[in-house]
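Residues per chain, in single letters:
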Amino acid sequence: MKNPIVIVGAGLSGLRAASLLTAQGIECKVLEARDRIGGRVLSTSVPNKPELGKFDLGPTWFWPQYESTITRLVKELDLKTFDQYNKGAMLSERSPNAVPERYILPENADARSIRLVGGVQSLIDAVAKTIPSETVELDTRVTAIRLDNNSLIVEANTADGKRKNFSASAIILALPPRIVAHQIEFSPSLPPNLNADLLSKPTWMGGQAKVIAVYDRPFWREAGLSGFATSWVGPLQEIHDASPHTGAGALFGFFGLPARMRRTMGKDEFLKLVIDQLVMLFGPSAQQVRAILYKDWAQDTETTVEEDLDPLRDFPIYGQPPNAGIWEKKIYFAGTETNSQFGGHLEGALQSAEQAAAEIIQLKN
């Protein structure tokens, strides 16, 4: 191949595709609009308190009994894991005026969820180490892709306002499909059925927000609670123990409040409601929060478009887009939304990367 494979997006799919291609001696260039790698994977520390640990504001778990691709890769990269804490009772909050109900779940009621020591970012960093450091260009936003006389040109803007062009042998679009459709101009245009398919795929986590309350220790365990709670009342509809493997305690929750409502309320107002809800569920100790970490993916323009703000009523139908017409064997799609079986999971992101890389490797051979 005369020119490198250009991969748009340095999330898990883009980095894994680059790693697989590099291992086959195929040159790659990964272009990322953000100033960091990881995409929707975001593991962060409490500012000025790194000793409290890393906390996932994006995906958190994988399930080894169902997901062989990520399980195999975690083992290959020698990453440390631990089981999601689930010992003790769960809580159910059904009425604002009633004491939360306490339930003991049957043993093995839930599939075994696994977390990564250091957060899912440890997986991102380990995959990134398998490719040359100069492969990834951050702060490089792809704006257009042109097919001129069978030559592929990728146009991008950099953070300092410069415009750069990249020649490519093929392109892997490792972005949410709606981001591709909204933010990248194709010349010639994508076939109408392909563009419509991209727009029809909701961005996973696109309308979600995640909050993590960090404590000195997981005090709820001392009261025989697992940290798992569901609610029909508070701003958080589902809560889990987010404590690191050792040290600090943490609870994280997914918001029941729709994205548009969060936008109008303002962050300070609903974060106060979060703490009030945690106190109602877990007692006065929940007031002694060391820090609150918050990420609203609905306000992340590298992740979400306006259509993603509408709440999902059913699980989306994900999978590979249809035939690309004139773009066939020129552009390939990766990302969790392009995997039909594990769409929305890290497993889906990895499987889609493997599929895209395998098709390009086949072209080389």
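Note: the structure precedes this text.
Residues numbered from 1 in each chain as written. Predicted model: local features only at pLDDT ≥ 70, side-chain atom pairs only at ≥ 80, totals over all residues. Heavy atoms only, no water.

> Can you help me understand the packing of helix 1 (residues 12–23) against helix 3 (residues 121–128) in this one?
Relative orientation and spacing of two packed helices are given, respectively, by the angle between their axes and the distance between those axes. The N-to-C vectors of helix 1 and helix 3 enclose an angle of 30°; their axes lie 9 Å apart at closest approach. Between helix 1 and helix 3, the interaxial angle falls into the category roughly parallel. In this structure, helix 1 crosses over helix 3, and the sense of that crossing is left-handed. Contacts between helix 1 and helix 3 involve Leu12, Leu15, Arg16 and Ser19 from the first element and Leu123, Ile124, Val127 and Ala128 from the second. In the contact of helix 1 with helix 3, the residues fall into six nonpolar, one polar and one charged. (Axes fitted to C-alpha atoms, helices over the stretch in contact; angles between N-to-C directions. Helix = DSSP H or I, 4+ residues; strand = E, 2+ residues; numbered from the N terminus. Parallel < 35°, antiparallel > 145°, perpendicular 65-115°, else oblique. Left-handed = near helix turned anticlockwise from the far one by under 90°. Contact = heavy atoms within 4.5 Å. Nonpolar A, V, L, I, M, F, W, Y, C, P; charged D, E, K, R; others polar.)

> Would you explain empty space enclosed by the protein in this entry?
Taking a probe equal in size to a water molecule and rolling it over the atoms shows the remaining empty space. For the coordinates displayed, the defined rule picks out one cavity of 30 Å³ or more. Space inside the largest cavity adds up to approximately 40 Å³. Along the walls of the largest cavity sit Phe55, Asp56, Thr60, Arg115, Ile212, Ala242 and Phe252, which together make up its complete lining. For the lining of the largest cavity, the class distribution of residues is four nonpolar, one polar and two charged. (1 Å grid on protein atoms, 1.4 Å probe; cavity = no way out; pocket = protein on both sides within 12 Å on 5 of 7 lines; lining within 4 Å. Points joined across faces, edges and corners; volume = space filled by probe spheres on them.)

> What exactly am I supposed to notice about the sheet that holds strand 18 (residues 249–255) here?
Reading across the sheet, the seven strands line up as 7-6-16-17-18-15-19 and stay open at both edges, with mixed pairing between neighbours. Since the sheet does not close on itself, it has two edges, and those belong to strand 7 (101–103) and strand 19 (291–296), each with one partner. Adjacent strand axes in the sheet meet at a mean angle of 20° when their direction is disregarded. With two bridges joining them, strand 16 (residues 225–231) and strand 17 (residues 236–241) adopt antiparallel strand pairing. (Pairing = 2+ DSSP bridges.)

> How should the environment of alanine 334 be read in this particular structure?
Here alanine 334 is to be found in the loop between strand 20 (331–333) and helix 8 (346–364). Residues alanine 334 and glutamine 351, spaced 17 residues apart in sequence, show a C-alpha to C-alpha distance of 8.6 Å. Once residues lying within four places of it in the same chain are set aside, the contact partners of alanine 334 are Ser13, Ile172, Leu173, Ala174, Leu175, Ser352, Ala353 and Ala356.

> Explain the packing of aromatic side chains to me, please; I cannot follow it from the model alone.
We describe a pair of aromatic rings using the distance from one ring centre to the other and the angle between the two ring planes. The full count for this structure, using the stated rule, is 13 aromatic pairs. On the basis of an interplanar angle of 55° and a centroid distance of 6.3 Å, the ring pair of tryptophan 220 and phenylalanine 282 is categorised as tilted. Here phenylalanine 282 lies in helix 7 (residues 267–282) and tryptophan 220 lies in the loop between strand 15 (209–215) and strand 16, a separation of 62 residues in the sequence. With centroids separated by 5.3 Å and ring planes inclined at 75°, the aromatic side chains of phenylalanine 255 and phenylalanine 270 adopt a geometry described as edge-to-face. A residue pair is termed long-range when its members are at least 10 positions apart, and phenylalanine 255 in strand 18 and phenylalanine 270 in helix 7 qualify at 15 residues. On the basis of relative accessibility, which here comes to 3%, the residue phenylalanine 255 falls in the buried class. A network of ring pairs unites the aromatic residues Trp61, Trp63, Phe252 and Phe254 as a single cluster. When the ring centre of tryptophan 232 is taken as reference, the NZ or CZ atom of arginine 94 above it lies at 4.8 Å. (Phe/Tyr/Trp six-rings, centres within 6.5 Å; stacked < 30°, edge-to-face > 60°. Buried < 20%, exposed > 50% of the residue type's maximum accessible area, 1.4 Å probe, protein only. Lys NZ or Arg CZ within 6 Å of the ring centre and 35° of its normal.)

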